[in-house]
Amino acid sequence: MINVEARKQCDISYWETIILGSHILFTNNRLTALSLENHQAARFWSTDTNWCIASKSWFEDYRESGKLVLFRLHKENRRYLLSPANLEFRNARNRRVNLRAFIERFPNVESTVRQLLARDWRALFHFELVRPDMHFDHSLDLNGLQISSLPCRLSVRDDLVLRYNPITTLPADLIIGGNLDIRDTGILSVPDSVQIMGRVIR
């Protein structure tokens, strides 16, 4: 009898830990977005996927970088995993998928995603979620990001660094308060209408 009661208590504790580690960020009749707060929750939601966060050490490495957010589609029972700090959005087979296309399919979750990325401008650019007319009150280092374009009417108070990017053109209404670094990019010319207070580093 003691063993049965102990087992029941253990089961309750196990499920409580998973529930506490699955913080709901958004839910509707199509999907739920959960922040994974402990390894037990990560391991549970990683069942039947190829995600490495089923391993405690991998989960801890990811969580040290920032949030891990799981998206579960109710009808299809599909799962996706977002790690903004690591610039990763993956399906259950652990293949990278397009976050912007996902948001276009499920537009109600966009505000939740934007709140997650609000302070991570590298993730905003990587996932192509930067809106037109955005102003950055600091330098913007996009070194090494695989971006192919910049939004219209982007303004940067200080330097804009675009090194090691596949980008080939700049928006004509770009405003830069410092230097523009376009070394190791495909940019061959800067439109005359681009406002640069510093110099162009080629």
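Coordinates for the structure precede this section.
Everything quoted here is computed from the prediction, not taken from an experiment.

Student: For this particular structure, what's the right way to read the overall build of the chain?
Tutor: In terms of helices and strands, the chain carries six helices and 13 strands. At 21 Å, the chain has a C-alpha radius of gyration far larger than the 17 Å of a compact globule built from 202 residues. Taking the principal axes of its C-alpha atoms as reference, the chain extends roughly 80 × 35 × 30 Å. For the chain, with 202 residues in total, the buried portion stands at 40%. In the chain, of all internal contacts separated by at least 6 residues, the share reaching a separation of at least 24 is 26%. Only carbon and sulfur atoms are counted for the fraction: they give 48% of the accessible area of the chain, which is about 11500 Å². The centroid of the 27 positive side-chain charges in the chain is displaced by 6 Å from the centroid of its 23 negative side-chain charges.

Student: Can you walk me through the sheet that holds strand β5 (residues 88-91) in this structure?
Tutor: Consider a sheet: its strands pair through backbone hydrogen bonds, and that pairing is either parallel or antiparallel. Here we have five strands laid out as an open sheet, ordered β1-β2-β3-β4-β5, and antiparallel in their pairing. Where the open sheet ends on each side, the last strands, each with one partner, are β1 (22-27) and β5. Averaged over neighbouring strand pairs, the angle between their axes works out to 25° when direction is ignored. Note: β1 against strand β2 (residues 31-36), five bridges, orientation antiparallel. Bridge assignment links T27 to a residue of β2, and that residue is T32. Against the sheet, helix α5 (residues 110-117) makes contact with β1, β3 (69-73) and β4 (78-83), and its axis sits at roughly 130° relative to β1, the strand it touches most.

Student: Help me out: how do you make sense of the nonpolar core in this one?
Tutor: Where a protein is soluble and globular, its nonpolar side chains tend to be buried together. Grouped together as the largest cluster of nonpolar side chains are 42 residues, with contacts concentrated most on F71, L99, F102, F125, L150, L160 and L162. Once residues lying within four places of it in the same chain are set aside, the contact partners of L99 are L82, F89, V113, L117, F127 and L129. Of all hydrophobic cores here, the second largest spans twelve residues; its members include L34, I53, F59 and L68.

Student: Looking at this structure, I do not really get the pattern of salt bridges. What am I missing?
Tutor: In this structure the tally under the stated criterion is 14 salt bridges. Of the charged contacts, one joins E37 and K67 as a salt bridge, the two residues approaching to 3.5 Å between their closest N and O atoms. With E37 in the loop between β2 and α2 (39-45) and K67 in the loop between α3 (56-65) and β3, the pair connects residues that are 30 residues apart, well separated along the chain. Residue class for E37 comes out partly exposed when judged on its relative accessible area of 31%. Using a relative accessible area of 36% as the deciding quantity, one classes K67 as partly exposed.

Student: Got a minute to help me understand the packing of aromatic side chains in this structure?
Tutor: Any pair of aromatic rings gets described here by the distance separating the centres and the angle formed by the planes. One pass over the structure, following the stated rule, counts ten aromatic pairs. When the centroid spacing of 5.4 Å and the interplanar angle of 65° are considered together, the rings of F71 and F102 count as edge-to-face. Taken together, the residues F71 in strand β3 and F102 in helix α4 (residues 99-105) connect sequence positions 31 residues apart. F102 shares its class with F71; the two are buried.

Student: Hey, could you run me through unusual backbone geometry in this one?
Tutor: Glycine aside, a negative phi is what most residues show, and trans is what most peptide bonds show. Positive phi, close to 55°, is recorded for L87, a residue that is not glycine. As for its placement among the helices and strands, L87 is situated in the loop between β4 and β5. Under the relative-accessibility criterion, L87 is labelled buried at 15%. Unusually for a residue other than glycine, D133 sits at a positive phi of about 75°. Within the secondary structure, D133 is located in the loop between α6 (121-126) and β6 (135-136).

Student: Help me out: how do you make sense of the sheet that holds strand β11 (residues 180-181) in this one?
Tutor: Strand order in this open sheet of four strands is β7-β9-β11-β13, and the pairing throughout is parallel. Two strands bound the open sheet, and with one partner strand each, they are β7 (140-141) and β13 (200-201). Relative to β13, β11 runs parallel, the two sharing two bridges. Paired with L180 across the two strands is V200, which belongs to β13.

About the thresholds
- Residues numbered from 1 in each chain as written.
- Predicted model: local features only at pLDDT ≥ 70, side-chain atom pairs only at ≥ 80, totals over all residues.
- Heavy atoms only, no water.
- Helix = DSSP H or I, 4+ residues; strand = E, 2+ residues; numbered from the N terminus.
- Rg over C-alpha atoms; globule rule 2.2 N^0.38 Å.
- Buried < 20%, exposed > 50% of the residue type's maximum accessible area, 1.4 Å probe, protein only.
- Contact = heavy atoms within 4.5 Å.
- Areas by Shrake-Rupley, 256 points an atom, 1.4 Å probe, with all protein chains shown as cover.
- Lys, Arg positive; Asp, Glu negative; His and termini not counted.
- Charge placed at Lys NZ, Arg CZ, Asp CG, Glu CD.
- Pairing = 2+ DSSP bridges.
- Axes fitted to C-alpha atoms, helices over the stretch in contact; angles between N-to-C directions.
- Core = buried A, V, L, I, M, F, W, Y, C linked by side-chain atoms within 4.5 Å.
- Salt bridge = Lys/Arg side-chain N within 4 Å of Asp/Glu carboxyl O.
- Phe/Tyr/Trp six-rings, centres within 6.5 Å; stacked < 30°, edge-to-face > 60°.

Remember that the coordinates give geometry; whether it matters functionally is a separate question.
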